[in-house]
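This is what each chain is made of:
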Amino acid sequence: MNTRQVRSKVSRFALAVALCVAILTPAARPNAQTPPGAARADDYLFDDVHFHLTNYVQEGIRVRDFMKIMGDKAGRSTLFGIPLQQQWSHRVDGDRGPTYYLNSDAPLYYYSFTDAWIATSYRSLPKEEQSRLDPMITGFNPSDMYAADHVRRVLTAFPGVFSGIGEFSIHKEFVSSKVAGEVASLNDPALDRLIDFAAEVGLVVLIHNDIDTPFAKEGSPPAYFDEVKALFRRHPDATIVWAHIGVGRIIRPAKAQGALVEELLKDPAFGHVNFDISWSEVAKYAVATPESAKAVADVINRYPDRFLFGTDEVAPKDQETYLRVYNQYVPLWKLLDREASEKVRKGNYERIFDAARLKVRAWERAHVK
Ligand SMILES: [Zn+2]
């Protein structure tokens, strides 16, 4: 064999190898069906069960900017504002307009226009972007017997938009006591009437209720656990998501939090209750140590259908900010088995909200004339 023959043999061999590689490697084919910037069903990181488009003074980002922020990282997301407005009282704060509830002693009040803002923002989007969002109704006072009527009115004014109610708060550190009017309570017939109505329509209920009071006495049982449990028990037909599993900025997970949550997980009477692990404060406790991360992962691996990821971001300015909580949870993601990880990040959201969309649209067809 002369040099030229060797060279030609080598190059034929190289070509054959290249062909095999090309055949065996699944090519990254661009999907013609996917609109630019949209996530394909199999390649995004998560769905977001807990997202605020606006803040405590009803300001935030435009929904079309949020779609860009979701990009190819978040497949779907809930969409809501914040039902409470921080009043700017010139008598109290002078020219310094507060933007957060901790910035002022002036009260918070229920700002029902938030629902119209969310609905019109959603409707401003093209259909394929709308299909990635699940807007939620929040602009009601949960201590008012008329709260359910507000929800009905919003569905009537904006049919085809909403999938749930919340995040609304009953007991929330520093917030509950600042709300103008009566303090909300887990034992209020108004709350029962609201959740009964949500169950009738098929709306997902995303409720924030701290498991305990701030600075609780060491060793005392968490103040609100029995009441929240009784509330859940009274509404077996509602699909409930307990935001942050009852943990708050200074509501540290109760000593026996794992055991308390497991009490709900293993009792079929609470099969309709799910847990959202959103908020950087929750992630902070969950991944504080390798032991805490392992304890959380163990529970999720045992009950993979009952937990949902959410960010709890409020009007994030860019994608990096939006992904903060997801990235904070990396130590947890590594400890989940494949099935649990998929369900917590995406599968459970899709199952719960797909079902809600069907039910709410059917209710609207029957009741909105
Ligand atoms: Zn929130």
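The structure under discussion appears in the preceding block.
Every chain is numbered on its own, with residues counted from 1 as its sequence reads. Only residues with pLDDT of 70 or above have their local features reported here, since the model is predicted, and side-chain atom pairs are shown and tallied only from 80 upward, although totals for entire chains, interfaces and linings are computed over all residues. Computation of side-chain values covers all heavy atoms of the structure but excludes hydrogens and water.

A separate point is the packing of helix 6 (residues 147-157) against helix 7 (residues 189-201). Axis definition: a line fitted to C-alpha atoms, limited for helices to the stretch in contact. Angles are taken between N-to-C directions and run from 0 to 180 degrees. A run of DSSP states H or I qualifies as a helix once it reaches four residues; a run of E qualifies as a strand once it reaches two. Both are numbered from the N-terminal end. Following both chains from N to C, one finds helix 6 and helix 7 inclined at 30 degrees, their axes separated by 8 Å at the closest point. Compared by their axis directions, helix 6 and helix 7 come out roughly parallel. Contacts from Ala147, Ala148, Asp149, Val151, Arg152 and Leu155 of helix 6 reach helix 7 at Arg193, Leu194, Phe197 and Val201. Of the residues belonging to the contact of helix 6 with helix 7, the class tally is 7 nonpolar, no polar and 3 charged. Angle categories are assigned with fixed cut-offs, so that under 35 degrees is roughly parallel, over 145 is roughly antiparallel, 65 to 115 is roughly perpendicular, and the rest are oblique. The contact rule is simple, with two residues in contact once any of their heavy atoms fall within 4.5 Å. Under the scheme applied, nonpolar residues are Ala, Val, Leu, Ile, Met, Phe, Trp, Tyr, Cys and Pro; charged residues are Asp, Glu, Lys and Arg; polar residues are all the others, including Gly.

Our next topic: the sheet that holds strand 8 (residues 204-208). Reading across from one edge, 1-3-6-7-8-9-10-11 is the order of the 8 strands in this open sheet, with parallel pairing throughout. Each end of this open sheet is capped by a strand with a single partner; those strands are strand 1 (46-48) and strand 11 (307-308). Pairing between strands is defined by DSSP: at least two bridges between the two strands are required. In this structure, strand 3 (residues 74-79) lies alongside strand 6 (residues 133-137), joined through 3 bridges in parallel fashion. Across the sheet, residue Thr78 finds its bridge partner in strand 6, namely Asp134.

Before going further, it helps to spend a moment on the coordination of the zinc ion. The coordination sphere of the zinc ion contains the protein donors His50 (NE2), His52 (NE2), Glu167 (OE) and Asp312 (OD), at a distance range of 2.1 to 2.2 Å. Listed donors are limited to N, O and S atoms within 2.8 Å of the metal, widened to 3.2 Å for Na, K and Ca; water is not among them, so incomplete-looking sites are possible. Four donors are marked tetrahedral only if all angles between them lie between 85 and 135 degrees, whereas four are marked square planar and six octahedral if opposite donors are more than 155 degrees apart and the other angles lie between 65 and 115; the remainder are marked irregular. Between the 4 donor atoms coordinating the zinc ion, the angles at the centre fall across 84 to 167 degrees, so the site counts as irregular. One chain supplies every donor for the zinc ion, spaced along it as H-x1-H-x114-E-x144-D. The cut-offs for exposure are 20% and 50% of the maximum accessible area for each residue type, with area from a 1.4 Å probe on protein chains only; residues under the lower value are buried, those over the upper are exposed, and the others partly exposed. The class of His50 is buried, set by a relative accessible area of 0%.

Taken across its 5 residues, strand 6 has 5 buried, putting it largely inside the fold. Residues of strand 6 alternate between two faces, with Leu133, Pro135 and Ile137 on one and Asp134 and Met136 on the opposite face, all of them buried. Bridge analysis of strand 6 against strand 7 (residues 164-169) gives 2 bridges, and the strand direction is parallel. Looking across to strand 7, one finds that Met136 is bridged to Gly164. Crossover strand 6 to strand 7 through helix 6 is right-handed. Crossover handedness is defined here as right-handed if the route from the first strand over the helix to the second strand goes clockwise, with the strands pointing away from the viewer.

Considering soluble globular proteins, one finds that nonpolar side chains tend to be buried as a cluster. Put simply, buried Ala, Val, Leu, Ile, Met, Phe, Trp, Tyr and Cys residues joined by side-chain atoms within 4.5 Å make one nonpolar core. Counting 84 residues, the largest nonpolar core has Phe66, Leu155, Ile165, Phe307 and Tyr329 as its most contacted members. Of the residues forming this core, the biggest block, 6 residues, is contributed by helix 7. Excluding anything up to four places from it in sequence, Leu155 contacts Ile137, Phe162, Phe197, Val201, Leu203, Val360, Trp363, Glu364 and Val368. Residues Val49, Val204, Leu206 and Ile352 belong to the second largest nonpolar core, which totals 12 residues.

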